[in-house]
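Notes for the structure review
For reference, the chains in residue letters:
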Amino acid sequence: MVMPFLQVLGYNIFDPMEVIPEFTADIGVKKGEKVDYAIAFNNEPTILIEVKSARTLLQPKIMNQLLRYFGVTKAHFSILTNGVQYQFFSDFDQKNIMDINPFLTIDLTPAIRDSEISELRRFHKNQFDAEKISSSAIELKYTGELKRYSNTNLKNQMKTLRGSL
């Protein structure tokens, strides 16, 4: 599922200088650490991709590998995926440390919304501009955090209301 996704985004999955499988991301004395894929621009890894099985729930506790890899490369973005859901991350909170919350989540089931397609389009090889993506991603990140906060507050208020009935 990941390779066709990358092809749709315009990347040549058969060019190991562009889509690098098993990209080495050594961490200190730990040698041989590898991220599943790296997408390179000008021979620099720009997007790291960690792939989990399709049945894996993408949640913070399985991000450890990707967090470590992100900090030791020059990547600007990272993707955690199970082939069905794609979570996009960057380092907006602290430079060179991957944020815990994704700024964009794309779920291929049931269908991708138009707004997600327009954000995903920014990652297309022919349109890729790290600065433009970052600008849009920061806005998405804070909008997402506001939605999460609102949903949590609404749920808590509903629990309180139900408890008082």
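Heads up: the structure comes first, above all this text.
Residues numbered from 1 in each chain as written. Predicted model: local features only at pLDDT ≥ 70, side-chain atom pairs only at ≥ 80, totals over all residues. Heavy atoms only, no water.

**A look at the sheet that holds strand E2 (residues 34-41)**
Reading across the sheet, the six strands line up as E1-E2-E3-E4-E5-E6 and stay open at both edges, with mixed pairing between neighbours. On the outer flanks of this sheet lie strand E1 (19-24) and strand E6 (104-107), each paired with one strand and no other. In this sheet, adjacent strand axes meet at a mean angle of 25 degrees when their direction is disregarded. Sheet analysis places strand E3 (residues 44-51) next to strand E4 (residues 77-81), joined by five bridges and oriented parallel. (Pairing = 2+ DSSP bridges. Helix = DSSP H or I, 4+ residues; strand = E, 2+ residues; numbered from the N terminus. Axes fitted to C-alpha atoms, helices over the stretch in contact; angles between N-to-C directions.)

**Digging into helix H3 (residues 114-121)**
What H3 keeps buried is the set Glu 116, Glu 119 and Leu 120. Looking straight down H3, one finds that the buried residues subtend no more than 100 degrees of arc, so they occupy a single side. (Buried < 20%, exposed > 50% of the residue type's maximum accessible area, 1.4 Å probe, protein only. Arc of directions from axis to C-beta.)

**With respect to a nonpolar patch on the surface**
Taken together, the side chains of Leu 154, Met 158 and Leu 161 define a hydrophobic patch exposed on the protein surface, amounting to about 270 Å² of accessible area. Within the element layout of this structure, Leu 154 appears in helix H4 (residues 130-164). (Patch = residues over 30% accessible without salt bridge, like charges linked within 9 Å, V, L, I, M, F, W, Y side chains within 5 Å. Areas by Shrake-Rupley, 256 points an atom, 1.4 Å probe, with all protein chains shown as cover. Salt bridge = Lys/Arg side-chain N within 4 Å of Asp/Glu carboxyl O.)

**Structural notes on the pattern of salt bridges**
In total, this model carries four salt bridges according to the counting rule given. Linking Lys 125 and Glu 18 is a salt bridge whose minimum nitrogen-to-oxygen distance equals 2.8 Å. Here the residue Lys 125 occupies a position in the loop between H3 and H4, and Glu 18 occupies one in the loop between helix H1 (2-8) and E1, the gap between them amounting to 107 residues. Put simply, Glu 50 and Lys 52 hold a salt bridge, and the shortest N to O gap is 3.5 Å. For the pair Glu 50 and Lys 52, a shared accessibility class is recorded, and that class is buried.

**Here's the deal with the packing of aromatic side chains**
Aromatic rings considered in pairs are described by the distance between their centres and by the relative angle of their planes. A full pass over the atoms with the stated rule returns 11 aromatic pairs. Ring geometry for Phe 92 and Phe 103: centres 5.9 Å apart, planes at 65 degrees, overall edge-to-face. Here the residue Phe 92 occupies a position in the loop between strand E5 (85-89) and E6, and Phe 103 occupies one in the loop between E5 and E6, the gap between them amounting to 11 residues. In this pair, the class of Phe 92 matches that of Phe 103, namely buried. (Phe/Tyr/Trp six-rings, centres within 6.5 Å; stacked < 30°, edge-to-face > 60°.)

**Examining the nonpolar core**
Counting residues in hydrophobic clusters, the biggest one holds 24 residues, and the most contacted among them are Leu 6, Ile 47, Phe 88, Phe 103 and Phe 123. Listing elements by their share of this core, those giving two or more residues are H1, E2, E3, E4, E5, E6 and H4. Here the element with the most residues in this core is H1; it accounts for three residues. Beyond its immediate stretch of four places on either side in the chain, Phe 123 contacts Leu 9, Tyr 11, Ile 47, Phe 77, Phe 88, Phe 103, Phe 128 and Ile 133. (Core = buried A, V, L, I, M, F, W, Y, C linked by side-chain atoms within 4.5 Å. Contact = heavy atoms within 4.5 Å.)

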